[in-house]
Amino acid sequence: MTMLDIIENKKNKRELSTEEIRFFVDGFTNGQIPDYQASSLLMAIVLNGMTDRETFDLTDAMLNSGDVVDMSRLGGIVVDKHSTGGIGDSTTLALAPILACCGVYVAKMSGRGLGFTGGTIDKLESIPHFDTALSEEEFFQVVKRVGCAVIGQTANLAPADKKIYALRDVTGTVNAIPLICSSIMSKKLASGADTILLDVKYGSGAFMPTPESALELAEKMVAIGTLAGKRIGALITDMQQPLSDHVGNSLEIVGIIDVLNGKKNRLYYEIREVAVKLLVLTEKYNENSAEKAFQNAIDSGKALKKFAEMVEAQHGDDSYILHPEKFELGKKDTVSASRDGYVTGMIAADIGRAVTHLGGGRMQKSEEIDFSVGVVMKVAIGSKVKKGDVLCEVYHNGKGLEEAKRLIENAVEIGDIRPCEHKIAYAYVDKNGTTIY
């Protein structure tokens, strides 16, 4: 068996055997298979797909490429949430402290930016001195003491995924259900949580373009998680426009602080939906008690204090959470409406790409990120605007400003007829089946 044989098989639409998949995963992880051959196989998978059995075998091989974390030492319910990514999707940053206030542990391992979407770890590292690389022992200590902690994927947790994840980012092989499914589920199963909620996005700002394709991914992941003995569910949610008003690393921390202070925007309602579903999955809450617990965590101010406590426990400067005006932002410019009308749609991906052009995302995996740049949206789909009204504020340091503004101008669509309201959630999947809203 050679890597060339495996590439040829998938190129010619043949089903890969369990042994061939393990050969690829093990060889790429230990450095025997070079990037160019791995890239070739990944592209063949994007073009020709994988069967359910191949996808399960890929997930299993990636899961077993490293350690599996034992969370039982925490002595309580450990929950995890994963989003397939989107523009302004910073839900994890609010969910962790909210759920900790509701009496469950959140031991979260997150990733960096992939494609045109931002990464949770990049956002957290915009807080001065915040440490996303805690040792395993310190990670457990913080979770036990605070109730939540968020760190980067450790070197020995699904290391195959870490290498494949980085390669997909720069080879145009992000958007493929078998690769997304195996990436997410290998990490989720290896990270040891017993209760998992998947937030699967669809729309112009997500990897899944339609609710139907997002539902297909969700059903495959829930099936894998259920077979692994987890309490698992998946929400299919809308990403036709940025989820947060704030897009960019430091700016998204500011947006989360707004939500934890009670600001009721799209991001708030998304976080509420995810939190309630996750609490119900634990079997510790029903729908009504979960909603009350969520609301109390925010209204009492406990969730904001818990976020600051987590930041301090991970060596960050918690004064930025209580005083977000301390975040250093770039120079401010604006994009204005070219005509009267209603915002009828957005190309959310282009808003994400605009932030990348400003330096807030990566074109190549080795690039540094500028935490101070980004955009603040002043309109949403359905907003009424007049010519000259500000559509968004652009924070920049000179890099890529004109291209970013051009992308945003073209991304915000203005028409004469007010569109219907966009629902946040399209469907929910768990072991009992699928509910379409």
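Conventions we followed
Residues numbered from 1 in each chain as written. Predicted model: local features only at pLDDT ≥ 70, side-chain atom pairs only at ≥ 80, totals over all residues. Heavy atoms only, no water. Helix = DSSP H or I, 4+ residues; strand = E, 2+ residues; numbered from the N terminus. Rg over C-alpha atoms; globule rule 2.2 N^0.38 Å. Buried < 20%, exposed > 50% of the residue type's maximum accessible area, 1.4 Å probe, protein only. Contact = heavy atoms within 4.5 Å. Areas by Shrake-Rupley, 256 points an atom, 1.4 Å probe, with all protein chains shown as cover. Lys, Arg positive; Asp, Glu negative; His and termini not counted. Charge placed at Lys NZ, Arg CZ, Asp CG, Glu CD. Salt bridge = Lys/Arg side-chain N within 4 Å of Asp/Glu carboxyl O. Pairing = 2+ DSSP bridges. Axes fitted to C-alpha atoms, helices over the stretch in contact; angles between N-to-C directions. Parallel < 35°, antiparallel > 145°, perpendicular 65-115°, else oblique. Left-handed = near helix turned anticlockwise from the far one by under 90°. Right-handed = clockwise from strand over helix to strand, strands pointing away. Nonpolar A, V, L, I, M, F, W, Y, C, P; charged D, E, K, R; others polar. Arc of directions from axis to C-beta.

**What to know about the overall build of the protein**
When helices and strands are counted, the protein shows 17 helices and 14 strands. A compact globule built from 437 residues would reach a C-alpha radius of gyration of about 22 Å, and the protein, at 21 Å, matches this within 12%. With 437 residues in all, the protein has 59% of them scored as buried. In the protein, the proportion of contacts linking residues at least 24 apart, taken out of those at least 6 apart, comes to 78%. Of the roughly 17,100 Å² of accessible surface on the protein, a fraction of 49% belongs to carbon and sulfur atoms. Charge-centre separation for the protein: the mean point of 49 positive side chains lies 3 Å from the mean point of 59 negative side chains.

**Focus: the pattern of salt bridges**
Inspection of the entire model under this criterion finds 26 salt bridges. The partner of Arg73 in a salt bridge is Glu137, with the nearest N and O atoms 3.3 Å apart. Of the two residues, Arg73 is situated in the loop between α4 (52-63) and β1 (78-83) and Glu137 in helix α7 (residues 136-146); the sequence distance between them amounts to 64 residues. According to the relative accessible area criterion, Arg73 is partly exposed, its value standing at 44%. In this structure, Asp238 and Arg266 form a salt bridge, with 3.6 Å as the shortest nitrogen-oxygen distance. Here Arg266 lies in helix α12 (residues 266-281) and Asp238 lies in strand β5 (residues 231-238), a separation of 28 residues in the sequence.

**Overview of the sheet that holds strand β2 (residues 105-110)**
Strand order in the open sheet made by the seven strands is β3-β2-β1-β4-β5-β13-β14, with mixed pairing throughout. On the outer flanks of this sheet lie β3 (148-152) and β14 (433-436), each paired with one strand and no other. Between one strand and the next, the sheet's axes are offset by a mean angle of 20°, whatever the strand orientation. Relative to β2, β1 runs parallel, the two being bridged by two bridges. Counterpart to Val79 in the pairing with β2 is Val106. Strand contacts of helix α10 (residues 211-227): β4 (195-202), β5, β13 (425-430) and β14, with the helix running at about 170° to β5, the strand carrying the most contacts.

**Structural notes on the side chain of Asp199**
Structurally, Asp199 can be placed in strand β4. For Asp199, a relative accessible area of 0% gives the class buried.

**Examining the packing of α12 against helix α13 (residues 287-299)**
When two helices pack together, you describe them by how their axes are tilted relative to each other and by the distance separating the axes. Two numbers describe how α12 lies on α13: the axes approach to 9 Å, and their chain directions differ by 130°. On the basis of the axis angle, α12 is oblique to α13. Taken as a pair, α12 and α13 cross one another with a handedness that is right-handed. Taken together, the residues of α13 that come into contact with α12 (itself represented by Tyr268, Ile271, Arg272, Ala275, Val276, Lys277, Leu279 and Val280) are Glu287, Ala290, Glu291, Phe294, Gln295 and Ile298.

**Some words on the environment of Ala380**
Locating Ala380 in the fold gives a position in the loop between β9 (374-377) and β10 (384-385). Spatially, the C-alpha atom of Ala380 lies 15 Å from that of Asn410, the residues being 30 residues apart in sequence. Sequence-distant contacts of Ala380, that is, excluding residues within four places in its chain, are made with Gln241, Val343 and Met346.

**Some points on the pairing of β1**
Of all six residues that make up β1, six are buried, and the element is covered over most of its length. Covered by surrounding structure in β1 are Val78, Asp80 and His82 together with Val79, Lys81 and Ser83, the residues of both alternating faces. The handedness of the β1 to β2 crossover, carried by helix α5 (residues 91-101), is right-handed. With five bridges joining them, β1 and β4 adopt parallel strand pairing. Along β4, the bridge assignment pairs Asp80 with Ile196.

**Points about the sheet that holds strand β7 (residues 331-336)**
Across the sheet, four strands lie side by side as β6-β9-β11-β7; this open sheet has antiparallel pairing. The strands lining the two open edges of the sheet, one partner per strand, are β6 (246-247) and β7. Each of β6, β9 and β11 (390-396) is contacted by helix α16 (residues 348-360), which is oriented at about 145° to β9, the strand it contacts most.

**Some remarks on the packing of helix α3 (residues 35-48) against helix α8 (residues 159-169)**
Axis separation between α3 and α8 bottoms out at 11 Å; the angle between their running directions is 75°. Taken together, the axes of α3 and α8 lie roughly perpendicular to each other. In this structure, α3 uses Asp35, Ala38, Ser39 and Leu42 to contact α8, whose residues at the interface are Ile164, Leu167 and Arg168. When its residues are assigned to classes, the contact of α3 with α8 shows four nonpolar, one polar and two charged.

**Regarding unusual backbone geometry**
Residue Lys13 is not a glycine yet carries a positive backbone phi of 65°. For Lys13, the location among the structural elements is in the loop between α1 (3-11) and α2 (18-29). Within the chain, Glu283 stands out as a residue other than glycine whose phi angle is a positive 70°. As for its placement among the helices and strands, Glu283 is situated in the loop between α12 and α13.

**A word on α7**
Three or four residues apart is the spacing at which side chains of an α-helix point the same way, because the helix has 3.6 residues per turn. Among the residues of α7, those classed as buried are Phe139, Phe140, Val142, Val143 and Val146. All buried residues of α7 project into a common sector of 160° when viewed along the axis, lining one side. Buried-residue contacts for α7 involve α5, β2, β3 and α14 (302-313). In the segment just after α7, Gly147 is the residue with positive phi, at about 105°.

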